[in-house]
Amino acid sequence: MSAIPLLQGPHPAEPLDLLLVNAPLRDYAARPRVNDYTLPVLGMAYIATYAAARGYNVAVLDAEAHGLPVQATIDLINQAAPRWAGFNLLAPTYEISARIAAALDPRIRIMAGGHHAKAMPERILTDPRMARLDALILGEAETRVAELLADHRNRSHLPAVMWLDPVLRTPVTGGQPGTAHHLAPDIDTMPFVDRTYLAQDPYTASDGRIEANMVGARGCPYDCSFCGAAVSANPDVTIRVRQPGNIIEEMHRLRDRYAVRAFRFVDDLFLGARRVIDQMMTAFTDERVGEWAVWDATGRINVLHRAPDEMLDLLAACGLREVALGIESGSERMLTYIDKRITPAMATSVVRRLTRRGIRVKGYFILGFPTETRAEMQATVNLIHRLWDLTDNEIGTFRASVFQFRPYPGTPEWTRLTATGRYTPEQLLNYTPVNLGADDEALRGRDEFNFSSGLQFGEATEAEIHTRLVDLARAQHARTAGSH
Ligand code: B12
Ligand code: SF4
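Keep in mind that what you see is a predicted model, and the values were worked out from it rather than measured. (Residues numbered from 1 in each chain as written. Chains lettered and ligands numbered in written order. Predicted model: local features only at pLDDT ≥ 70, side-chain atom pairs only at ≥ 80, totals over all residues. Heavy atoms only, no water.)

## Quick word on the site of ligand 2
Here's step 1: Around ligand 2, a shell composed of Cys220, Tyr222, Cys224, Phe226, Cys227, Ala229, Ala230, Asp268, Arg300 and Lys340 is seen.
Here's step 2: Here the residues of the shell around ligand 2 sort into seven nonpolar, no polar and three charged. (Near = heavy atom within 4 Å. Nonpolar A, V, L, I, M, F, W, Y, C, P; charged D, E, K, R; others polar.)

## Re the pattern of salt bridges
Here's step 1: Evaluation of the coordinates by the stated rule reveals 37 salt bridges.
Here's step 2: Glu328 is the partner of Lys340 in a salt bridge, and the nearest nitrogen-oxygen pair spans 2.9 Å. With Lys340 in the loop between α11 (332-337) and α12 (344-356) and Glu328 in strand β15 (residues 320-328), this pair connects stretches of sequence that are twelve residues apart. Of the two residues, Lys340 and Glu328, both sit in the buried class.
Here's step 3: Residue Arg374 is joined to Glu459 by a salt bridge in which the shortest nitrogen-to-oxygen separation is 3.8 Å. One end of the pair, Arg374, is in helix α13 (residues 374-391); the other, Glu459, is in the loop between β19 (451-452) and α17 (462-483), with 85 residues separating them in the sequence. (Salt bridge = Lys/Arg side-chain N within 4 Å of Asp/Glu carboxyl O. Helix = DSSP H or I, 4+ residues; strand = E, 2+ residues; numbered from the N terminus. Buried < 20%, exposed > 50% of the residue type's maximum accessible area, 1.4 Å probe, protein only.)

## Some points on the packing of aromatic side chains
Here's step 1: Evaluated as defined, the whole model comprises twelve aromatic pairs.
Here's step 2: Consider the rings of Phe284 and Trp295, whose centres lie 5.3 Å apart with planes at 75°: the pair is edge-to-face. With a gap of eleven residues between them, Phe284 in helix α8 (residues 274-286) and Trp295 in strand β14 (residues 294-299) connect regions that are remote in the sequence.
Here's step 3: A relative accessible area of 0% places Phe284 in the buried class.
Here's step 4: What makes Trp295 buried here is its relative accessible area of 0%.
Here's step 5: Seen in terms of ring centroids, Tyr408 and Tyr431 are 6.2 Å apart; in terms of plane orientation they differ by 45°. Their pairing is tilted. Of the two residues, Tyr408 sits in the loop between β17 (398-404) and α14 (412-419) while Tyr431 sits in the loop between α15 (425-429) and β18 (432-433), which places them 23 residues apart along the sequence.
Here's step 6: An aromatic cluster is built from Phe226, Phe369, Phe405, Tyr423 and Phe457, whose rings are joined through pairwise contacts.
Here's step 7: When the ring centre of Trp292 is taken as origin, the NZ or CZ atom of Arg255, which lies over that ring, is 4.5 Å away.
Here's step 8: Taking NZ or CZ as reference, Arg416 lies 3.6 Å from the ring centre of Tyr337, over its face. (Phe/Tyr/Trp six-rings, centres within 6.5 Å; stacked < 30°, edge-to-face > 60°. Lys NZ or Arg CZ within 6 Å of the ring centre and 35° of its normal.)

## Some words on the sheet that holds strand β1 (residues 7-8)
Here's step 1: Spatial strand order, β1-β3-β2-β4-β5-β6-β7-β8: eight strands in an open sheet with mixed pairing. The sheet terminates laterally at β1 and β8 (171-173), the two strands that pair on one side only.
Here's step 2: Note that strand β6 (residues 133-137) and strand β7 (residues 161-164) share two bridges and pair antiparallel. Counted as the bridge partner of Ile137 is Val161 from β7.
Here's step 3: Lying on the sheet, helix α2 (residues 70-80) is in contact with β1, β2 (18-22), β3 (58-62) and β4 (84-88); it crosses β2 at an angle near 170°. (Pairing = 2+ DSSP bridges. Contact = heavy atoms within 4.5 Å. Axes fitted to C-alpha atoms, helices over the stretch in contact; angles between N-to-C directions.)

## Some words on unusual backbone geometry
Here's step 1: For the bond from Asp201 to Pro202, the omega torsion is 0°, close enough to zero to count as cis.
Here's step 2: Within the secondary structure, Pro202 is located in the loop between β8 and β9 (203-204).
Here's step 3: Positive phi outside glycine occurs at Ala259, with the angle close to 60°.
Here's step 4: Of note, Arg341 is a non-glycine position whose phi angle comes to about 60°, a positive value.
Here's step 5: Inspection of the secondary structure assignment puts Arg341 in the loop between α11 and α12.

## Topic: the domain arrangement of the chain
Here's step 1: Partitioning the chain into structural domains gives domain 1 (18-175) and domain 2 (201-483).
Here's step 2: Contacts between the two partners involve 24 residues from domain 1 and, on the opposite side, 34 residues from domain 2.
Here's step 3: The largest contributions to the domain 1 side of the interface with domain 2 come from Arg31, Val34 and Glu140, which together make up 21% of the buried area.
Here's step 4: Counting the contacts that link domain 1 with domain 2 gives five salt bridges.
Here's step 5: With its nearest N and O atoms 3.0 Å apart, the salt bridge here joins Asp236 to Lys118.
Here's step 6: Between domain 1 and domain 2 we count seven residue pairs in polar contact (both at pLDDT 80 or more) in total.
Here's step 7: Contributing elements (two or more residues each) for the side of domain 1 that touches domain 2: α1 (42-53) and α4 (115-119).
Here's step 8: Of the residues forming the side of domain 1 that touches domain 2, the biggest block, four residues, is contributed by α4.
Here's step 9: Counted by class, the side of domain 1 that touches domain 2 contains eleven nonpolar, five polar and eight charged residues. (Domains from an automatic or database assignment. Buried area = accessible area lost by both parts, 1.4 Å probe. Polar contact = N/O pair within 3.5 Å; in protein donor to acceptor, adjacent residues only side chain to side chain.)

## Topic: the pairing of β15
Here's step 1: For β15, a buried count of nine out of nine residues is recorded, marking the element as mostly surrounded by other parts of the structure.
Here's step 2: Pairing of β14 with β15 involves five bridges; the strand directions are parallel. If you follow Ala297 over to β15, its bridge partner there is Val323.
Here's step 3: Relative to strand β16 (residues 360-367), β15 is paired through six bridges, and the arrangement is parallel. Within β16, the position partnered with Gly326 by the bridge is Tyr364.

Laid out in structure tokens, this is it:
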């Protein structure tokens, strides 16, 4: 296997300053990857773009997108011999990232960031496999990575950068007064993501349209108990939305350079606040975005529920193709328990109003929440069926994306679970991939999301949850296939 095509964006003739690595979710030597598409690693591409603009030679290795085995990932990094290797740590990918880090050539310096790094910095820094971790960066890392590439000793004056004291073997945090600007970089002056760092973005969708993913905002003001982006898990994050003009300029560039005609905003807030929707849609209308582009975004049911019909009409006219909504549960008690601030009735009404206008809805649901009874889980299954029935004859379709609950460190739910004394962090962190049927076409696209810590948090057993997940995925697949 040649190293070069798998590394995105380096100047091959020059020594590599930084190789950013997105670890595979599981070891694909054991069971090959069955998906052929995954969303791009935009955070790492932002870091790479920013560092490259300052003259550094950076590459991204998305081992998940390429379905690489662990050993092949290690070999590629060692062969590329970068000055630094950087890992984006997410809770279920931590173990594999640590295995890779431990096997790297000792001449390669290691840095790490991402949600899991922020949630458990001390644990990671004291993990023997991470003994050579020179810098653990909490939060948004573009400007601090560039400072570290300039000189690793800069870590001592950078805020929220941690390492292990070589003598005392205890975690140390850097930072000098006046450096807080590093924690919330100005996202309107940030260079647009250089797509050469991404394995599959822009990409050609099944309808032939060229699509690209974008980040419109950073941070989320809500506090859903299961979510790594919850405000209480991210006290360092300043919520920022890009100026509409800045977003539209990036859309135009993607259109002019790659013929992109469809966009997906992966962030949490794009349609999550009325003020943001108003501002964006005024600018989208002025620029006539709806005449040449379609776009998908995440939204909030409570916000869309309050929005008048004219606003939903405007969203449709501006090209909104699909909204992803966290509906999570069909049980009011569970929705209160997870602090979702919505009801099933609100969800039903929003789904109806959107699909009636031709806007598609993707609903996210979770089965197996802590304290959830079997009847409450069934209420979620019933709600999904109701929403399918309700939208059968609407112009926009409704599809359900259903997950098994798993606790992520740093989230409000993690704190609540560990406070019961019933679970240790080790137990909760013991994620293993679940093979619900990778050879089944209906389940193939969901394979990367099937993870479990093997624990039962509600009344239903894991086996019962898995049966529901398989049934719902098959039913959804049959509906989607039937609609073409
Ligand atoms: C898009 C997305 C994806 C995409 C791309 C993931 C990726 N690796 O970038 C896909 C669909 C592939 C994905 C998959 C998964 N995701 Co995801 N994803 C998101 C989402 C919605 C947006 C991420 C994003 O692009 N943000 C915008 C950019 C600018 O921010 P960022 O990625 O955080 O990057 C910044 C910093 O984190 C940091 N940083 C990032 N990488 C690095 C690397 C280094 C070296 C350093 C120093 C810093 C650093 O600097 C970046 C720039 O400021 C978030 C929700 C959220 N609000 O973050 C969940 C989220 C990050 N995902 C999550 C999870 C758990 C997963 C999965 C593990 C799901 C699973 N199967 O169980 C997989 C992991 C697969 C993988 N190996 O990537 C959790 C993480 C929770 C946790 N505590 O770990 C989140 C928070 C959602 C949630 N459920 O709570 N995800
Ligand atoms: S689930 Fe969505 S709304 Fe809730 S905290 Fe996470 S990103 Fe925010």
